[in-house]
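A structural walkthrough
Take a look at the letters that make up each chain.
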Amino acid sequence: MKNINFEHIVTSLRATGCVFAEDEARILMSAARTSDELAAMVGRRSEGFPLEHVIGWAEFYGLRIAVDPGVFIPRHRTEFLVRQAAEIAKSGAIVVDLCCGSGALGAALAATLERIELYAVDIDPAAVQCARRNLDAAGGHVYEGDLFEALPTKLLNSIDILLANVPYVPTGAIELLPSEARIHEARIALDGGVDGLDFQRRVATVAPLWLAPGGHLLVEISERQAPQTVEIFAHSGLIPRVARFDELDATVIVGTRPSL
Ligand SMILES: C[S@@+](CC[C@H](N)C(=O)[O-])C[C@H]1O[C@@H](n2cnc3c(N)ncnc32)[C@H](O)[C@@H]1O
């Protein structure tokens, strides 16, 4: 049994450049079940592993979301996308969380609305496994595959809310990301192609076939990518609307399939 106390943890974390050493020390101490486990967690955090991967969960939309190593850690900024969806979704809505990662968005929307029919997809088996754990309580169906390919065809023409926080970092900007993302999250979770909008194009092109008339596609992008994304949506026949929340530096485009 190793003897490891609060001051020791704070000192170890500070020495490796951890900015919120005291807060993190408290979180690690409450997450570890034994002092050996605590020492191992402090070691991994000091080596640069993201806190969420070390403790195995991330706080998102007031929920505790399980996050396995390598799986994308849901960002607080994305809570704005969920809020936008919650404002337009109705009880009983058919919701798809495309590129779901841990399934955080679907879990958050399910926790907000009275009742939804929830489907989720990711191409990464580690993410799928994680999302199944997070969406089990909401009765979510989680599929492994490339975008819409894995979804049951009964959902054609019937999705009310399509949440799609797809990869949107321009390839050339990946090397500028903090090491926690660059090294510890899968590249496939980040890389959006040369201008970062490859996935937006693919999703917007096919989305009108899957959305119900009047259904909505919601994506997150950087503020700089907004005008181009609006064009992509309009070109695909979706009615685009930009929503912005400066406090979280969050930009969401909502694309609505016109009603019949
Ligand atoms: C930016 S992360 C977002 C994850 C989650 N939506 C969130 O906000 O926490 C993008 C996710 O897209 C998944 N992904 C990448 N390419 C995909 C594809 N072709 N089909 C389905 N999922 C894909 C990655 O595995 C990753 O989990």
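Remember, predicted model here, so these are calculated numbers, not experimental data.

Focus: the overall build of the chain
The helix and strand inventory of the chain stands at ten helices and nine strands. Scaling as 2.2 N^0.38, a compact globule of 260 residues should have a C-alpha radius of gyration of about 18 Å, and the chain matches this with 19 Å. Taken along its principal axes, the extent of the C-alpha atoms in the chain is 65 × 40 × 30 Å. When the 260 residues of the chain are sorted by exposure, 40% land in the buried category. If you take every contact in the chain between residues at least 6 apart in sequence, the share linking residues at least 24 apart comes to 62%.

Overview of the site of the ligand
Lining the immediate surroundings of the ligand are 22 residues, of which Cys 99, Gly 101, Asp 124, Asn 165 and Ala 189 lie closest. Listed by contribution, the elements that provide at least two residues to the shell around the ligand are helix 6 (104–112) and strand 4 (116–122). Looking at the shell around the ligand residue by residue, the classes come out as 15 nonpolar, four polar and three charged.

A closer look at the nonpolar core
Of all hydrophobic cores here, the largest spans 63 residues; its most connected members are Val 95, Leu 109, Leu 162, Leu 163, Leu 217 and Leu 218. Ranked by residues supplied to this core, first place goes to helix 6 with six residues. Not counting the four nearest positions on each side in its chain, Leu 109 is found in contact with Val 82, Ala 85, Ala 86, Ala 89, Val 95, Ile 116 and Leu 163. By size, the runner-up hydrophobic cluster in this structure holds nine residues, among which are Leu 13, Leu 28, Met 41 and Leu 51.

Concerning the packing of helix 2 (residues 21–31) against helix 3 (residues 35–46)
Packing of helix 2 against helix 3 leaves a shortest axis separation of 9 Å and a crossing angle of 140°. With respect to helix 3, the axis of helix 2 lies oblique. The handedness of the crossing between helix 2 and helix 3 is right-handed. On helix 3, the residues touching Glu 24, Leu 28, Met 29 and Ala 31 of helix 2 are Leu 38, Met 41, Val 42 and Arg 45. Broken down by class, the residue content of the contact of helix 2 with helix 3 amounts to six nonpolar, no polar and two charged.

Here we look at helix 7 (residues 125–135)
Taken as a whole, helix 7 has its buried residues at Ala 127, Val 128, Cys 130, Ala 131, Asn 134 and Leu 135. Axial view of helix 7: buried residues confined to an arc of 165°, hence all on one face. In this structure, the buried residues of helix 7 make contact with strand 2 (63–66), helix 6, strand 4 and strand 5 (141–144).

Topic: the UniProt feature "domain: Methyltransferase small" (unreviewed entry) in the chain
The positions UniProt marks with the feature "domain: Methyltransferase small" (unreviewed entry) are residues 67–191. In this annotation, residues 67–191 is assigned 29% helix and 18% strand; the end-to-end C-alpha distance for the span is 20 Å.

Things to note about helix 3
Taking 1.5 Å as the rise per residue, helix 3 with twelve residues should run 16 Å; its terminal C-alpha atoms sit 16 Å apart, in good agreement. Within the span of helix 3, buried status applies to Leu 38, Met 41, Val 42 and Arg 45. In a view along the axis of helix 3, the buried residues occupy a sector of 100°, so they form one face of it. Summarising the geometry of helix 3, the exposed residues directed more than 90 degrees from the buried face are Asp 36 and Gly 43. Those residues of helix 3 that are buried are in contact with helix 1 (6–15), helix 2 and helix 4 (51–55).

Quick notes on the pairing of strand 2
Pairing between strand 1 (residues 57–60) and strand 2: four bridges, direction antiparallel. The residue of strand 2 that forms the bridge with Ala 58 is Ile 65. Taken together, strand 1 and the strand that follows it, strand 2, pair antiparallel across an intervening segment of two residues, in which Tyr 61 is found at a positive phi of about 55°.

Thoughts on the sheet that holds strand 8 (residues 239–245)
On the basis of which strands lie adjacent, the open sheet formed by seven strands has the order 5-4-3-6-7-9-8 and mixed pairing. Only two strands of the sheet have a single partner each, and these edge strands are strand 5 and strand 8. The mean inter-strand angle of the sheet, taken between neighbouring strand axes irrespective of direction, is 20°. Bridge analysis of strand 7 (residues 211–221) against strand 9 (residues 250–256) gives six bridges, and the strand direction is antiparallel.

Reading the values: the criteria
- Residues numbered from 1 in each chain as written.
- Predicted model: local features only at pLDDT ≥ 70, side-chain atom pairs only at ≥ 80, totals over all residues.
- Helix = DSSP H or I, 4+ residues; strand = E, 2+ residues; numbered from the N terminus.
- Rg over C-alpha atoms; globule rule 2.2 N^0.38 Å.
- Buried ≥ 20, exposed ≤ 12 C-beta atoms within 10 Å, placed from the backbone.
- Contact = placed C-beta atoms within 7 Å.
- Near = placed C-beta within 6 Å.
- Nonpolar A, V, L, I, M, F, W, Y, C, P; charged D, E, K, R; others polar.
- Core = buried A, V, L, I, M, F, W, Y, C linked by C-beta atoms within 7 Å.
- Axes fitted to C-alpha atoms, helices over the stretch in contact; angles between N-to-C directions.
- Parallel < 35°, antiparallel > 145°, perpendicular 65-115°, else oblique.
- Left-handed = near helix turned anticlockwise from the far one by under 90°.
- Arc of directions from axis to C-beta.
- UniProt positions renumbered as here; feature names shortened; annotations may be inferred.
- Expected span 1.5 Å × (residues − 1).
- Pairing = 2+ DSSP bridges.

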